[in-house]
Amino acid sequence: MTGLAGGGVEGEWRSGALAGLLRAARVGTGGHRAAVRRVADWLGRAVGGSARIEDPVRAGVPDGALLRDVAAGSPRSAVVAEPGRHLRVLALGAGRPHPVLVVTRPVPYDEAAAALVGHAATVLELLVAAGGADAQRRRLAEAGAGVRLSVLQLLMGGEVALAQRTMAGLRPGLLDAERVVVCVLEAARGERREVAGACEELLAGRALVVRCPADDGHVIVVAPVGGGAEAALRGFVAGRDGVFLGVGARHPLSRVAAGYDDAVRSLAAARLMPGRVAGHAARVRPADVLDAGAAAAWAAQYLRPLEAVPAQDRYQLTATVRLGLEFTAVNAARLLGISRNTVRARMERAAGLLGVDLGDVRARAALDLALRFQDREEGEPGRAVPGLRGLLAAGPVLAWAGELLAPLRADERDLGRTLRDWAGENCAVEPAARRRGVHAQTVREHLRGAEGLLRRQLVAGGSGLYEVVLALMAVGELEPGGAAGGAAAGEEERGDPPRGRSGRSGPGDRAPVTGTCPVTVQP
């Protein structure tokens, strides 16, 4: 019988067998590799023996020399007939070395069995080729993702010209914009790759889309202002449950790190909003209520020691410090594409130049605030430069601080006192519990309660904690300290770094640092 289907019982058998082959060849969630295994398993059962794919030919397998010859394409097929063992070997695909189909049965091959082997080999070749194409596409996609990540890391470190040259080969002109907006999307566990792909398709080359190297659930988007990317992302989030969006302020391309910081802060607010989207102005922050000119003058004086560092290195230094204040050393290093030891070294260098102890939460809060006014336009020339205490004593700041802390006063657990004691003990739970006269677990529960009322992360450190620390300083419940410009009087009150000493807190000034503190104080 020479036809594929033939007639009668044998024709029905062949039709049923081929239908089984097509079912086995369907590419499902396991991809082409799983389909190849199913077809091989089906073929072994169909011929009453076994079938396998050797790719590559392993050392020590039976008939290894023959299989290696077929894999090399000379010959492309072979037949072995021995008592109780009949073997058919076929090379698959065009590339060398070829994957090899090995089919064994205990009896000789009849016409039907030989035809099934041929049909299955054809299907396997198609699956192998499609799998190879998919693998090539994945490799190209991963290579593109790697380039985009490198570009993001260059931007985070202030290497704008190099980032533009690198991106020019992938998306010419994308990074030519003067100002950009950074957005961070947060996807449910296991969905980030799909969300990133959907964003790339949605934005169609209008933005840099990167899977965040520091957080497995985040997708970072850097988009030119006015290109419509932000509106598109807002619409995307509205139509997809479980995805949150934080939008940063508009920044020059040289300040992508600051834009990312804004976006992460906004993302924390987005988690608490029904629409799951928050922009940079979603909540009032200290920088929004301070006298901008006075704060810029204070920040310039506070950060002046960093001018000893060459300009390009200085931006890298401050970009690292920005991220180091917000994240752990490991995550900051991933975002910048450097080692965590380099992150820590830069943080220590900045602390040494500024004469501050970044193991003190008050110093971190002050430095974080100063960096937010870096390069801002200062007030009137000749105007006295206030210290941090003077800045925080302004009426709008006191009103902001009072409003921020107000929810704590209404709670019967006296969460405000616990928070004040915890911050006063440099965010160490055990000393705060001793000062408060309660169990350490009670302090932890109070902190979780305070996070919910204030809508800010506290225990994890970062910007939410710094805002609360500044608010406590403003209302007089926490003394400024550990930072230049935070002393009570004299030249330190004017914002000058202390002279004749390092500016570091003494042994009794604060509690031992705990693992909850950000990058600079983790072991």
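Before reading on, note that the structure itself is shown above.
Residues numbered from 1 in each chain as written. Predicted model: local features only at pLDDT ≥ 70, side-chain atom pairs only at ≥ 80, totals over all residues. Heavy atoms only, no water.

J.: Please explain the overall build of the protein as it appears in this structure.
T.: The number of helices and strands found in the protein is 21 helices and nine strands. Counting over 523 residues, the protein shows a buried share of 52%. At a minimum sequence separation of 6, the contacts of the protein that also span at least 24 residues come to 65%. For the protein, the exposed area adds up to about 23500 Å²; of that, 53% sits on carbon and sulfur atoms. (Helix = DSSP H or I, 4+ residues; strand = E, 2+ residues; numbered from the N terminus. Buried < 20%, exposed > 50% of the residue type's maximum accessible area, 1.4 Å probe, protein only. Contact = heavy atoms within 4.5 Å. Areas by Shrake-Rupley, 256 points an atom, 1.4 Å probe, with all protein chains shown as cover.)

J.: Can you help me understand the sheet that holds strand E6 (residues 208-211) in this one?
T.: Backbone hydrogen bonds hold the strands of a sheet together, and the pairing may be parallel or antiparallel. The five strands are arranged E6-E7-E5-E8-E9 in an open sheet whose pairing can be described as mixed. Taken across any chain shown, the strands that pair with only one partner, and hence form the sheet edges, are E6 and strand E9 (277-278). When E6 meets strand E7 (residues 218-224), the two strands line up antiparallel, connected through four bridges. Pairing of valine 209 across the sheet is with valine 221, part of E7. Helix-sheet contacts for helix H7 (residues 229-238) involve strand E5 (179-186), E7, strand E8 (244-252) and E9, and the interaxial angle to E8 is about 170°. (Pairing = 2+ DSSP bridges. Axes fitted to C-alpha atoms, helices over the stretch in contact; angles between N-to-C directions.)

J.: What exactly am I supposed to notice about the side chain of arginine 456 here?
T.: The residue arginine 456 is located in the loop between helix H19 (440-454) and helix H20 (463-474) in this model. One polar contact links the side chain of arginine 456 to the main-chain carbonyl oxygen of leucine 454, over a distance of 2.9 Å. In terms of polar contacts, arginine 456 uses its side chain to reach the side chain of glutamate 467, at 2.6 Å. (Polar contact = N/O pair within 3.5 Å; in protein donor to acceptor, adjacent residues only side chain to side chain.)

J.: I'm lost on the pattern of salt bridges in this one. Help?
T.: Counted by the stated rule, this structure contains 25 salt bridges. We note a salt bridge from glutamate 125 to arginine 76, for which the minimum N-O separation is 3.6 Å. One end of the pair, glutamate 125, is in helix H4 (residues 111-156); the other, arginine 76, is in the loop between helix H3 (64-71) and strand E2 (77-82), and 49 residues separate them in sequence. Glutamate 125 sits in the partly exposed class, given a relative accessible area of 29%. Overall, arginine 76 belongs to the partly exposed group, its relative accessible area being 38%. (Salt bridge = Lys/Arg side-chain N within 4 Å of Asp/Glu carboxyl O.)

J.: Hey, could you run me through the pairing of E2 in this one?
T.: On a regular strand, one side chain projects to one face of the sheet and the next to the other, so that they alternate. As paired strands, E2 and strand E3 (residues 85-91) are joined by six bridges and run antiparallel to one another. If you follow serine 77 over to E3, its bridge partner there is leucine 90. Hairpin connection, E2 to E3: the antiparallel pair is bridged by two residues, and glycine 84 has positive phi, about 80°.

J.: Got a minute to help me understand the packing of aromatic side chains in this structure?
T.: To describe a pair of aromatic rings, you give the distance between the ring centres and the angle between the ring planes. Here the structure, examined in full by the defined rule, presents two aromatic pairs. Judged by centre distance (5.8 Å) and plane angle (40°), the rings of tyrosine 260 and phenylalanine 327 are tilted. Highlighted residues: tyrosine 260 in helix H8 (residues 256-270) and phenylalanine 327 in the loop between helix H11 (311-326) and helix H12 (329-336), separated in sequence by 67 residues. Each member of the pair tyrosine 260 and phenylalanine 327 is classed as buried. Residues tryptophan 298 and tyrosine 302 carry aromatic rings whose centres are separated by 5.2 Å and whose planes lie at 55° to one another, so their mutual orientation is tilted. Within this pair, tryptophan 298 and its partner tyrosine 302 are both found in helix H10 (residues 292-303), separated by four residues, close to a single helical turn. Here tryptophan 298 and tyrosine 302 have matching classes, each one buried. Looking at arginine 88, its charged tip hangs above the ring of tyrosine 109, at a distance of 4.7 Å from the centre. (Phe/Tyr/Trp six-rings, centres within 6.5 Å; stacked < 30°, edge-to-face > 60°. Lys NZ or Arg CZ within 6 Å of the ring centre and 35° of its normal.)

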